[in-house]
Amino acid sequence: MTKLKLGPLEDDKPVKLTIELPAAVFRDLKSYAEILTRSEGATTPTEPAKLIAPMIERFMATDRAFAKARRGAAQSVPEAAERSG
């Protein structure tokens, strides 16, 4: 069994975005979807577009610099509110 970074996809209310991908990235996305479908033993193919949000979410969750900057931004908001209040 292949160990992919993405697991089962959650069904959540989507926000519609329109993006353009390089053809090579789209081909890789299709391949990833096919492998994910096989590894889950699913009968319905995974739509490549359904992978984009979990991939971005996983990327941001594992980006240490982003997490640090986000914590710093969250801490500065309460401090600013205390000074103005």
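Counting of residues starts from 1 at the beginning of each chain's written sequence and follows it residue by residue. Owing to the predicted nature of the model, reporting of local features is limited to residues with pLDDT of at least 70; listing and counting of side-chain atom pairs is limited to 80 or more, with chain, interface and lining totals taken over all residues. Side-chain measures here rest on the full set of heavy atoms in the structure, leaving out hydrogens and waters.

Engineer: Could you give an account of the overall build of the protein, with specific residues and numbers?
Structural biologist: The numbering of helices and of strands both runs from the N terminus, where a helix is a DSSP run of H or I of at least 4 residues and a strand a run of E of at least 2. Scanning the protein for helices and strands turns up three helices and zero strands. Any residue under 20% of the maximum accessible area for its type is buried, any over 50% is exposed, and the rest in between are partly exposed; the area is computed with a 1.4 Å probe on protein chains only. Within the protein, buried positions represent 13% of all 85 residues. Contacts in the protein between residues far apart in sequence, at least 24 positions, make up 60% of those at least 6 positions apart. The Shrake-Rupley method, run with a 1.4 Å probe sphere, supplies the accessible areas, and residue values consider only the shown protein chains as cover. For the protein, the accessible area works out to roughly 7700 Å², and carbon and sulfur atoms hold 57% of it. In what follows, a contact means two residues having at least one pair of non-hydrogen atoms within 4.5 Å.

Engineer: So what about helix α1 (residues 23-40)? Which residues, and what values?
Structural biologist: Residue count minus one, scaled by 1.5 Å, sets the expected span of a helix. The end-to-end C-alpha distance of α1, which contains 18 residues, comes to 26 Å, matching closely the 26 Å that a straight helix rising 1.5 Å per residue would cover. Of the residues making up α1, those classed as buried are Leu29, Ala33, Leu36, Thr37 and Ser39. Considered in projection along α1, the buried side chains sweep an arc of 165 degrees and stay on one side of the axis. Away from its buried face, by an angle of more than 90 degrees, α1 presents the exposed residues Arg27, Asp28 and Arg38. Where α1 is buried, its residues touch α2 (49-61). Just beyond α1, the residue with positive phi is Gly41, at close to 70 degrees. Arc definition: it is the arc formed by the directions from the helix axis to the C-beta atoms.

Engineer: An account of the environment of Glu47 is needed here, citing residue identities and associated values.
Structural biologist: Within the element layout of this structure, Glu47 appears in the loop between α1 and α2. According to the relative accessible area criterion, Glu47 is exposed, its value standing at 51%. For the pair Glu47 and Leu29, spaced 18 residues apart in the sequence, the C-alpha separation amounts to 9.3 Å.

Engineer: Any details on the nonpolar core? Residues and values, ideally.
Structural biologist: In this description, a nonpolar core means a group of buried Ala, Val, Leu, Ile, Met, Phe, Trp, Tyr and Cys residues linked to one another through side-chain atoms lying within 4.5 Å. Grouped together as the largest cluster of nonpolar side chains are six residues: Leu4, Leu6, Leu29, Ala33, Leu36 and Leu51. Those residues in contact with Leu36 that lie beyond four places of it in its chain are Leu4, Leu6, Gly7, Thr46 and Leu51.

Engineer: Give a detailed account of the packing of α1 against α2, specifying residues and quantitative values.
Structural biologist: Two quantities define a packed helix pair, namely the angle between the helix axes and the distance between the axes. Between the N-to-C directions of two axes lies an angle of 0 to 180 degrees, each axis being a line fitted to C-alpha atoms and, for a helix, fitted only over the stretch in contact. Interaxial distance between α1 and α2 falls to 10 Å at its minimum, and their mutual angle equals 90 degrees. It follows that α1 is roughly perpendicular to α2 by the angle criterion. Two secondary-structure elements touch here, α1 through Leu29, Tyr32, Ala33 and Leu36 and α2 through Leu51, Ile52 and Met55. When residues are sorted by character, Ala, Val, Leu, Ile, Met, Phe, Trp, Tyr, Cys and Pro go into the nonpolar class, Asp, Glu, Lys and Arg into the charged class, and all the rest, Gly among them, into the polar class. Tallied by class, residues from the contact of α1 with α2 come to seven nonpolar, no polar and no charged. Angles are sorted into four bins: roughly parallel if under 35 degrees, roughly antiparallel if over 145, roughly perpendicular if 65 to 115, and oblique for all others.

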